[in-house]
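Here are the chains, one letter per residue:
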Amino acid sequence: MNENKKIPQHVAIIMDGNGRWAKQRGKDRSEGHFAGMMALRDTVKAAAEMGVKYLTVYAFSTENWGRPQAEVEALMQLVCKGVEMNTPELRERGVRVEVIGARERFSSEVNAALDRIISSTASGQRMTLVLALNYSSRSELTAAVQRLARRVAEGEIRAEQIDEQMISQSLYTASMPDPDLIIRTSGECRLSNFLMWQASYAEFYFTPTLWPDFGEEQLREAVEAFGARDRRYGLVK
Ligand code: IPE
Ligand code: IPE
Ligand code: MG
């Protein structure tokens, strides 16, 4: 197999730059978020066609609740609209949707929309689209520590028995492989509380492209760059 044709099994994307995209056009930030949803549509289609098996997208962080109320409200509405607009196409393409993050903070309307898209795409075999919503890597790890500590306190396991696999299995991502490639758009070079444990051996790709301008071509560029990387995992080749 050609080195440059390596397809990452799991791609994770920090979809950043919707606000700046809107500002550049004199539009409201919420219009940037809508354009971002359309970019996600294109990217999901392209990823599935390329043979990516898991696509995880950071759509709303726990910290994002601190944005102006109108923007948070627009984002919540967009989740509902996104479900409505995209469910049929995702079903057709064999894309199964999963959600990671603390869903209890969402309204019943948002949670009902999420339940709908999860259940109506559950039989998809081609690719899993993982929506990170109200996600925080530190909260995820904190909850995992609490769960394991409880099991120790109840005498179910000994502290020494806690290993890396047990920790991985206590995270939202228990059923998924770790991301191979993490993409962040908009020129920012940080994780912003995204998949810290899971990213241990991921390849990072940062692009100045703002998220609404991202799509098939930009995904191909990122995957090509990934194919040229030498993943050594601490070993000598
Ligand atoms: C990413 O775009 C979307 C979310 C965080 C919900 P931003 O809204 O962060 O856009 P910028 O970074 O302000 O341009
Ligand atoms: C990270 O983007 C979260 C999402 C893309 C959903 P932010 O725009 O919220 O992150 P910071 O504030 O630049 O770190
Ligand atoms: Mg941002």
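Below: a short report on this structure. (Residues numbered from 1 in each chain as written. Chains lettered and ligands numbered in written order. Predicted model: local features only at pLDDT ≥ 70, side-chain atom pairs only at ≥ 80, totals over all residues. Heavy atoms only, no water.)

1. Quick look at the overall build of the protein chain
Right, on to step 1. A count of helices and strands for the protein chain gives seven helices and six strands.
Right, on to step 2. Taking 2.2 N^0.38 as the reference for a compact globule, 237 residues should give roughly 18 Å; the C-alpha atoms of the protein chain span a radius of gyration of 18 Å, in line with that estimate.
Right, on to step 3. Overall size of the protein chain, expressed as C-alpha extent along the three principal axes, is 60 × 50 × 35 Å.
Right, on to step 4. Here the protein chain holds 237 residues, and the buried ones make up 48% of them.
Right, on to step 5. Taking contacts inside the protein chain between residues at least 6 apart in sequence as the whole, the part at least 24 apart equals 78%.
Right, on to step 6. If you sum the accessible surface of the protein chain, you get close to 12,500 Å²; carbon and sulfur atoms cover 49% of it.
Right, on to step 7. Charge-centre separation for the protein chain: the mean point of 31 positive side chains lies 1 Å from the mean point of 32 negative side chains. (Helix = DSSP H or I, 4+ residues; strand = E, 2+ residues; numbered from the N terminus. Rg over C-alpha atoms; globule rule 2.2 N^0.38 Å. Buried < 20%, exposed > 50% of the residue type's maximum accessible area, 1.4 Å probe, protein only. Contact = heavy atoms within 4.5 Å. Areas by Shrake-Rupley, 256 points an atom, 1.4 Å probe, with all protein chains shown as cover. Lys, Arg positive; Asp, Glu negative; His and termini not counted. Charge placed at Lys NZ, Arg CZ, Asp CG, Glu CD.)

2. Re the site of ligand 2
Right, on to step 1. All residues in the neighbourhood of ligand 2 are listed as Ile 14, Met 15, Asp 16, Tyr 58, Ala 59, Phe 60, Ser 61, Asn 64, Arg 67, Arg 184, Arg 190 and Ser 192.
Right, on to step 2. Contact distances for ligand 2 include 3.2 Å between an oxygen atom and a side-chain N or O atom of Asp 16.
Right, on to step 3. Within the contact set of ligand 2, an oxygen atom lies 2.7 Å away from a side-chain nitrogen or oxygen of Ser 192.
Right, on to step 4. Here ligand 2, which alone exposes 390 Å², has 77% of that area covered by the protein.
Right, on to step 5. A total of four residues in the shell around ligand 2 trace back to one element, the largest contributor, which is strand E2 (residues 54–61).
Right, on to step 6. Taken together, the residues of the shell around ligand 2 break down into five nonpolar, three polar and four charged. (Near = heavy atom within 4 Å. Polar contact = N/O pair within 3.5 Å; in protein donor to acceptor, adjacent residues only side chain to side chain. Nonpolar A, V, L, I, M, F, W, Y, C, P; charged D, E, K, R; others polar.)

3. Overview of the pattern of salt bridges
Right, on to step 1. What the rule picks out here adds up to 20 salt bridges.
Right, on to step 2. Glu 89 is paired through a salt bridge with Arg 93; the nearest N and O atoms lie 3.4 Å apart. Of this pair, Glu 89 and Arg 93 both sit in helix H3 (residues 69–93), separated by four residues, roughly a single helical turn.
Right, on to step 3. Given the relative accessible area of 24%, Glu 89 is considered partly exposed.
Right, on to step 4. Among the ionic pairs, Asp 115 bridges to Arg 103, the shortest N-O distance being 2.9 Å. (Salt bridge = Lys/Arg side-chain N within 4 Å of Asp/Glu carboxyl O.)

4. Considering the packing of aromatic side chains
Right, on to step 1. Taken as a whole and assessed by the stated rule, the structure comprises nine aromatic pairs.
Right, on to step 2. Each ring, one from Tyr 58 and one from Tyr 135, has its centre 6.0 Å from the other, and the planes form 80°; the classification is edge-to-face. Taken together, the residues Tyr 58 in strand E2 and Tyr 135 in strand E4 (residues 127–135) connect sequence positions 77 residues apart. For the residue pair Tyr 58 and Tyr 135, the accessibility class agrees, reading buried in each case.
Right, on to step 3. Their ring planes at 45° and their centres at 5.6 Å tell us that Trp 65 and Phe 106 sit as a pair that is tilted. Taken together, the residues span a long stretch of sequence, with Trp 65 in the loop between E2 and H3 and Phe 106 in the loop between strand E3 (95–100) and helix H4 (108–120) at a distance of 41 residues.
Right, on to step 4. An aromatic cluster is built from Tyr 58, Tyr 135, Tyr 172 and Phe 194, whose rings are joined through pairwise contacts. (Phe/Tyr/Trp six-rings, centres within 6.5 Å; stacked < 30°, edge-to-face > 60°.)

5. Re the packing of helix H2 (residues 29–50) against H3
Right, on to step 1. Closest axis-to-axis distance for the H2/H3 pair is 10 Å, and the angle between their directions is 25°. As summarised for this structure, H2 and H3 are arranged roughly parallel, according to the angle between their axes. The hand of the H2/H3 crossing is right-handed. In contact with Arg 29, Ser 30, His 33, Phe 34, Met 37, Met 38, Arg 41, Val 44, Lys 45 and Glu 49 of H2, H3 contributes Glu 71, Ala 74, Leu 75, Leu 78, Lys 81, Gly 82, Met 85, Asn 86, Glu 89, Leu 90 and Arg 93. (Axes fitted to C-alpha atoms, helices over the stretch in contact; angles between N-to-C directions. Parallel < 35°, antiparallel > 145°, perpendicular 65-115°, else oblique. Left-handed = near helix turned anticlockwise from the far one by under 90°.)

6. Regarding unusual backbone geometry
Right, on to step 1. Within the chain, Ser 186 stands out as a residue other than glycine whose phi angle is a positive 80°.
Right, on to step 2. For Ser 186, a relative accessible area of 8% puts it in the buried group.
Right, on to step 3. Positive phi, normally seen in glycine, also occurs at Leu 195, with a value near 40°.
Right, on to step 4. Secondary-structure assignment places Leu 195 in the loop between strand E5 (181–184) and strand E6 (203–206).
Right, on to step 5. Among the residues examined, Leu 195 registers a relative accessible area of 1% and is labelled buried.

7. Some thoughts on the site of ligand 1
Right, on to step 1. The local shell around ligand 1 holds 13 residues, among which Asp 16, Gly 19, Arg 20, Arg 29 and Arg 67 are the closest.
Right, on to step 2. Arg 29 is positioned such that a nitrogen or oxygen atom in its side chain is 2.9 Å from an oxygen atom of ligand 1.
Right, on to step 3. In isolation ligand 1 exposes 370 Å². Once the protein is present, 87% of that is buried.
Right, on to step 4. At the level of secondary structure, the elements contributing two or more residues to the shell around ligand 1 comprise helix H1 (18–24), H2 and H3.
Right, on to step 5. Partitioning the shell around ligand 1 into residue classes produces three nonpolar, five polar and five charged.

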